[in-house]
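# Observations on chain architecture
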2 protein chains.
Amino acid sequence: MIPNDAVRARRPRMSRAEREQQMLDVAEEVFAERGYGAVSMEEIAERVGLSKPMLYEYFGSKEGLLLGVVRRARGELREVTERAVGAGGTPEEMLRRGYVAYFRFNEAHRRAWLVLLQEPVLLRSAAEEIEAIRRQQSEMMVELLAAHLPDRPRRALEAYAESIIGACERMALWRARTPEVTPEEAATHLMNLTWTGLATLNRPAVAD
Amino acid sequence: MIPNDAVRARRPRMSRAEREQQMLDVAEEVFAERGYGAVSMEEIAERVGLSKPMLYEYFGSKEGLLLGVVRRARGELREVTERAVGAGGTPEEMLRRGYVAYFRFNEAHRRAWLVLLQEPVLLRSAAEEIEAIRRQQSEMMVELLAAHLPDRPRRALEAYAESIIGACERMALWRARTPEVTPEEAATHLMNLTWTGLATLNRPAVAD
DNA sequence: GTAGTAAGTTACCAAGAGTAGGTTACCGAC
DNA sequence: GTCGGTAACCTACTCTTGGTAACTTACTAC
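Residues numbered from 1 in each chain as written. Chains lettered and ligands numbered in written order. Predicted model: local features only at pLDDT ≥ 70, side-chain atom pairs only at ≥ 80, totals over all residues. Heavy atoms only, no water.

### Some remarks on the overall build of chain A
Where we set the bar: The helix count covers DSSP runs of H or I at least four residues long, the strand count covers runs of E at least two residues long, and both are numbered beginning at the N terminus. We call two residues contacting when some pair of their heavy atoms lies within 4.5 Å. For every accessible area listed, the method is Shrake-Rupley and the probe measures 1.4 Å; residues are considered covered only by the protein chains on display.
A tally of helices and strands in chain A yields ten helices and zero strands. The order of helices and strands in chain A, counted from the N terminus, is α-α-α-α-α-α-α-α-α-α. For chain A, restricting intrachain contacts to residue pairs at least 6 apart in sequence, the fraction spanning at least 24 positions comes to 62%. When the accessible surface of chain A is split by element, carbon and sulfur atoms take 52% of a total near 10200 Å².

Right, here's the structure in full:
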């Protein structure tokens, strides 16, 4: 039988790289909107305009697809914050710029960020992979702190770094519910807490 | 046919309340160990010594069961921290005791805490429920801060509260990977970061 | 123009979430 | 003591969905 060219023409063949990105786009959107558990591979395939086995061809499993989404998003975020921090200046300036960059990122890439923040924890089987990404985040922060606090034990710096990252994440979640708070304001709050410290905060000099 | 009494005797009937607790115990253990996605309702039922429909009778769905586990754990945690903070003293003391209580809790109730921290995010459909619990946590912290910082805008206090809670969570995760850090040490790190502040930290007086 | 490969398909399986409808044990009332 | 009524509990199913095997179609280099 002769294939229906009119129909075939609607599904242009793409290179693997292109398709992958397209799949990640769709998956990111739909995971962020309704959550990993509520979305079927069938549906994602349909939205991409392909059949299910192609998703498995490229990502191996549903978790693999999610991991792809998370990895890409995490990479982008990392790039943004590293550029912000790497621009130099005093530790205070670097920290502040890092905060601002983080909050701007999750404002601009809301969907990516939602997936990034909310989903990785359910990936038991991909835990090591995720762990590696986290460690990277944390190491960057430790370096930043080490420049300012050269005499502190490494262990303490790690603790600060982890705490700060946790604070950022939760602050971002809060900002999602309180959209009138700008990235700069959020950064100021975080600076007041982590840099100035609550003890010194009741001096009227510090504004937020 | 006459039922096999020997077999029946192994499955004593229990009151609803008792069974519920037992089911929550099993679910908590197994979710914490292998993750929500990797555990089937069939298996949980089997471990409890009942058949699947009983789980559905009591919890409605798999998510409902998870929610039950989370709610119970969160309640216990809340009790513990509220008692610690409620004992009074200076804001600094209260904050510190709160931190210590939190880290002690997740040391003593490792399984409960793992579920608590790692799973709720995947519950899209139960999001409001979870949100309510979170708000409670955050409100308690806001009250604590308000006593110390009466002149700050509410909005700022909320931001601090959210950040602090996020810092606690992530710190707890870090502690799970670094078990030699005691609850008291973790609390000290957090105090140094949030109370003292990084700016003042390079004075040699503060130890951690 | 044909061989090889990479993109894409249909049609299936297996596992597990959730349910309909029935059975067994307990408990209070007469 | 037996007889309803209820609450705990079961067997046996359905249906969705993650995952795969085996095939077909189109592009690309020689």
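### Here's the deal with the nonpolar core
Our working rule: What makes a nonpolar core is a set of buried Ala, Val, Leu, Ile, Met, Phe, Trp, Tyr and Cys residues whose side-chain atoms join them at distances within 4.5 Å. Using a 1.4 Å probe on the protein chains alone, a residue whose accessible area is under 20% of its type maximum counts as buried, one over 50% counts as exposed, and one in between counts as partly exposed.
Counting 125 residues, the largest nonpolar core has A:Phe31, A:Ile44, A:Leu198, B:Phe31, B:Ile44 and B:Leu198 as the members making the most contacts within it. Those residues in contact with A:Leu198 that lie beyond four places of it in its chain are A:Leu193, B:Leu95, B:Leu145, B:His148, B:Leu149, B:Tyr160, B:Ile164, B:Thr194 and B:Trp195.

### Considering the pattern of salt bridges
Opposite charge on two side chains allows them to pair when their charged atoms are near. Here is the rule we go by: Every case where a carboxyl oxygen of Asp or Glu lies within 4 Å of a side-chain nitrogen of Lys or Arg is listed as a salt bridge.
This model, assessed by the stated rule, comprises 30 salt bridges over all chains. Across the pair B:Arg170 and A:Glu162 runs a salt bridge, and its minimum N-O distance is 2.7 Å. Residue B:Arg170 is located in helix 9 (residues 154-177), and its partner A:Glu162 is located in helix 9 (residues 154-177); the two belong to separate chains. Each of the two residues, B:Arg170 as well as A:Glu162, counts as buried. In this structure, the salt-bridge partner of B:Arg78 is B:Glu82, at a minimum N-O distance of 3.3 Å. Here B:Glu82 and B:Arg78 lie together in helix 5 (residues 62-86), a separation of four residues that amounts to about one turn. Ionic contacts of the salt-bridge type, sharing partners, join the residues A:Asp25, A:Glu28, A:Glu29, A:Arg72 and A:Arg111 into one network.

### Topic: the relation of the copies chain A and chain B
Worth spelling out the cut-off: Overlaid copies result from least-squares superposition on C-alpha atoms, with residues included only where pLDDT is at least 70 in both.
Relative to chain B, chain A is turned by 180° and slid 0.0 Å along the rotation axis, the superposed coordinates differing by an RMSD of 0.1 Å. Put plainly, the chains are arranged around a two-fold axis. Minimal C-alpha distance to the rotation axis in chain A is attained by A:Gly197, lying at 1.8 Å. Mapped onto chain B, 100% of the interface residues of chain A again fall at the interface, so both copies present the same surface.

### A closer look at the environment of A:Leu145
Note on placement: A:Leu145 falls in helix 8 (residues 127-148). A relative accessible area of 3% means that A:Leu145 is categorised as buried. As a C-alpha pair, A:Leu145 and A:Ala161 span 16 residues in sequence and 7.8 Å in three-dimensional space. What A:Leu145 contacts, discounting residues up to four positions off in sequence, is A:Leu157, A:Tyr160, A:Ala161, A:Ile164 and B:Leu198.

### A short note on the interface of chain A and chain B
Short version of the rule: Each residue is assigned to one of three groups, with Ala, Val, Leu, Ile, Met, Phe, Trp, Tyr, Cys and Pro labelled nonpolar, Asp, Glu, Lys and Arg labelled charged, and all others, Gly among them, labelled polar.
At the junction of the two partners, chain A supplies 57 residues and chain B supplies 57 residues. For the salt bridge of A:Arg177 with B:Glu162, the shortest nitrogen-to-oxygen distance reads 3.2 Å. When residues of the side of chain A that touches chain B are traced back to their parent elements, those giving at least two are helix 2 (16-34), helix 8, helix 9 and helix 10 (183-196) of chain A. Sort the elements by how many residues they give to the side of chain A that touches chain B and helix 9 of chain A lands first, with 17 residues. Taken together, the residues of the side of chain A that touches chain B break down into 26 nonpolar, 14 polar and 17 charged.

### Points about the packing of aromatic side chains
Rules: Centre distance within 6.5 Å is the pairing criterion for rings of Phe, Tyr and Trp, where only the six-membered ring of Trp is used; planes under 30 degrees apart are then read as stacked, over 60 as edge-to-face, and the remainder as tilted. In this scheme, Lys NZ or Arg CZ marks a charge over a ring once it lies within 6 Å of the ring centre and within 35 degrees of the ring normal.
Counted according to the given criterion, the structure contains four aromatic pairs over all chains. Taking the centre distance of 5.4 Å and the plane angle of 50° together, the rings of B:Phe31 and B:Tyr36 count as tilted. An identical accessibility class is assigned to B:Phe31 and B:Tyr36; each is buried. When the ring of B:Tyr102 is compared with that of B:Phe103, the centres are 5.5 Å apart and the planes differ by 80°; the resulting orientation is edge-to-face. Of the two residues, B:Tyr102 and B:Phe103, neither departs from the other in class, the shared state being buried. A:Lys62 extends its terminal NZ or CZ atom over the ring of A:Tyr36, reaching a point 4.5 Å from the ring centre.

### Regarding the packing of helix 6 (residues 91-108) of chain A against helix 9 of chain A
Residue and element names in this part refer to chain A. Counted only if it meets this: Each axis is a line fitted through C-alpha atoms, and for a helix only the stretch in contact is used; angles between axes span 0 to 180 degrees, taken between their N-to-C directions. Each angle gets one of four labels, with under 35 degrees taken as roughly parallel, over 145 as roughly antiparallel, 65 to 115 as roughly perpendicular, and the rest as oblique. In this scheme, a crossing is called left-handed if the near helix is turned counterclockwise away from the far one by less than a right angle; it is called right-handed if the turn is clockwise.
At their nearest, the axes of helix 6 and helix 9 sit 11 Å apart, and the two run at 40° to each other. The orientation of helix 6 relative to helix 9 falls into the category oblique. Considering only the axes of helix 6 and helix 9, their crossing is right-handed. Along the contact surface, helix 6 presents Tyr-99, Tyr-102, Phe-103, Asn-106 and Glu-107, while helix 9 presents Ile-164, Cys-168, Glu-169, Met-171, Ala-172 and Arg-175. Its residues assigned to classes, the contact of helix 6 with helix 9 comprises seven nonpolar, one polar and three charged.

### Description of helix 9 of chain A
Applied cut-off: Expected span, for any helix, means 1.5 Å times one less than how many residues it has.
Taking 1.5 Å per residue, 24 residues should reach 34 Å; helix 9 of chain A reaches 35 Å between its end C-alpha atoms and fits that length. The element helix 9 of chain A is largely enclosed, with a buried count of 19 among its 24 residues.

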